[in-house]
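# Chain and residue survey
For reference, the chains in residue letters:
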Amino acid sequence: AQSVTQPDIHITVSEGASLELRCNYSYGATPYLFWYVQSPGQGLQLLLKYFSGDTLVQGIKGFEAEFKRSQSSFNLRKPSVHWSDAAEYFCAVGGYNQGGKLIFGQGTELSVKP
Amino acid sequence: GAGVSQSPSNKVTEKGKDVELRCDPISGHTALYWYRQSLGQGLEFLIYFQGNSAPDKSGLPSDRFSAERTGGSVSTLTIQRTQQEDSAVYLCASSLVAPGGETQYFGPGTRLLVL
């Protein structure tokens, strides 16, 4: 069955430090992979997505993610975190075989120390 | 409108009552999705509509949950005989089409509390 695992429930980083949020997926075919961010009281906003092609994907707000098929991973990175990045981050997997529905991970809450 | 809108933003109801949650997708989007976000279960898919095709109801947790989409636009999610475990944030999303790769744009959600 399709699934997404985000091993870290909560991460704290200092402002200006680098960030990596982990995401592992299980999917029987070529996956479509997404990272969404949710700020308190807000809906989900798409940061970036991967369909095919270049395995390093650039997104908004300075985020990037790398698809590694051999590791079934799609980790999110940012070289220098800003206080405004504090939010909850969700990795999701979808695919042609399941129409449009997305399977989400449990989310990683990011806190940023001044 | 510019984005997906949902109403009401908050809903408090008593156990056993029926509730209706509304979603207005982005104009021109043919696909519409409902998800539920709760503390214990995270973000769960409930149902999606694609054009005039039969909806995919595979995520609905029980027959107390139903949804319809009128005129290919507005959707209503109905929960009958609400239970306390139905308390959650109900999120609606829409996309241009639903082959699996289109970006889903999410609304702000309806926070449902069942007392």
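Small disclaimer: the values here were computed from a predicted structure and weren't measured.

Let us now look at the overall build of chain A. Along chain A, the regular secondary structure elements total zero helices and twelve strands. Each helix (α) and strand (β) of chain A, taken in turn from the N terminus, gives the series β-β-β-β-β-β-β-β-β-β-β-β. Over its C-alpha atoms chain A spans a radius of gyration of 14 Å, differing by no more than 12% from the 13 Å that the globule rule assigns to 114 residues. Dimensions of chain A, computed from C-alpha atoms along their principal axes, come out at roughly 45 × 30 × 20 Å. The buried share of chain A, taken over its 114 residues, is 48%. Counting contacts in chain A only where the partners sit at least 6 residues apart, residues at least 24 apart contribute 54% of the total. Of the roughly 5,400 Å² of accessible surface on chain A, a fraction of 47% belongs to carbon and sulfur atoms.

Moving on, we come to a nonpolar patch on the surface. The grouping of B:Val12, B:Leu113 and B:Leu115 at the surface amounts to a nonpolar patch, some 280 Å² of accessible area in total. The topology assignment puts B:Leu115 in the segment after β10 (110-114).

Turning to the sheet that holds strand β6 (residues 65-69) of chain B, a few remarks are in order. Residue and element names in this part refer to chain B. Read across the sheet, four strands follow the order β1-β3-β7-β6 without closing on themselves; strand pairing throughout is antiparallel. At either end of the open sheet lies a strand with only one pairing partner, and these are β1 (5-7) and β6. Looking at each pair of strands side by side, their axes are set apart by 15 degrees on average, direction ignored. Of the strand pairs in this sheet, strand β3 (residues 19-24) and strand β7 (residues 75-79) are connected by five bridges, and their pairing is antiparallel. Opposite glutamate 20, over in β7, you have threonine 78 as the bridge partner.

One broad rule of soluble globular proteins: the nonpolar side chains tend to lie buried together. Core analysis: the largest hydrophobic core is formed by 27 residues, its most contacted members being A:Leu19, A:Trp35, A:Leu47, A:Leu48, A:Phe74, A:Leu76 and A:Tyr89. Ranked by the residues each element gives to this core, the list is headed by strand β10 (residues 87-94) of chain A, at four residues. Discounting chain neighbours no more than four positions away, the residues touching A:Leu76 are A:Leu19, A:Glu20, A:Leu21, A:Trp35, A:Leu47, A:Leu48, A:Phe63, A:Glu64, A:Ala65 and A:Tyr89. If you look at the next biggest cluster of nonpolar residues, it comprises 20 residues, including B:Ile47, B:Phe49, B:Leu77 and B:Leu112.

Looking now at the interface of chain A and chain B. The interface is formed by 20 residues belonging to chain A together with 21 residues belonging to chain B. Contact between chain A and chain B buries roughly 1,600 Å² in total, counting both sides, with carbon and sulfur atoms accounting for 54%. There are five residue pairs in polar contact (both at pLDDT 80 or more) connecting chain A and chain B. Sorting the residues of the side of chain A that touches chain B by element identifies β5 (32-38), β6 (44-50) and β10 of chain A as the ones contributing at least two each. Tallying contributions element by element places β5(A) first for the side of chain A that touches chain B, with four residues.

The rules we used
Residues numbered from 1 in each chain as written. Chains lettered and ligands numbered in written order. Predicted model: local features only at pLDDT ≥ 70, side-chain atom pairs only at ≥ 80, totals over all residues. Heavy atoms only, no water. Helix = DSSP H or I, 4+ residues; strand = E, 2+ residues; numbered from the N terminus. Rg over C-alpha atoms; globule rule 2.2 N^0.38 Å. Buried < 20%, exposed > 50% of the residue type's maximum accessible area, 1.4 Å probe, protein only. Contact = heavy atoms within 4.5 Å. Areas by Shrake-Rupley, 256 points an atom, 1.4 Å probe, with all protein chains shown as cover. Patch = residues over 30% accessible without salt bridge, like charges linked within 9 Å, V, L, I, M, F, W, Y side chains within 5 Å. Salt bridge = Lys/Arg side-chain N within 4 Å of Asp/Glu carboxyl O. Pairing = 2+ DSSP bridges. Axes fitted to C-alpha atoms, helices over the stretch in contact; angles between N-to-C directions. Core = buried A, V, L, I, M, F, W, Y, C linked by side-chain atoms within 4.5 Å. Buried area = accessible area lost by both parts, 1.4 Å probe. Polar contact = N/O pair within 3.5 Å; in protein donor to acceptor, adjacent residues only side chain to side chain.

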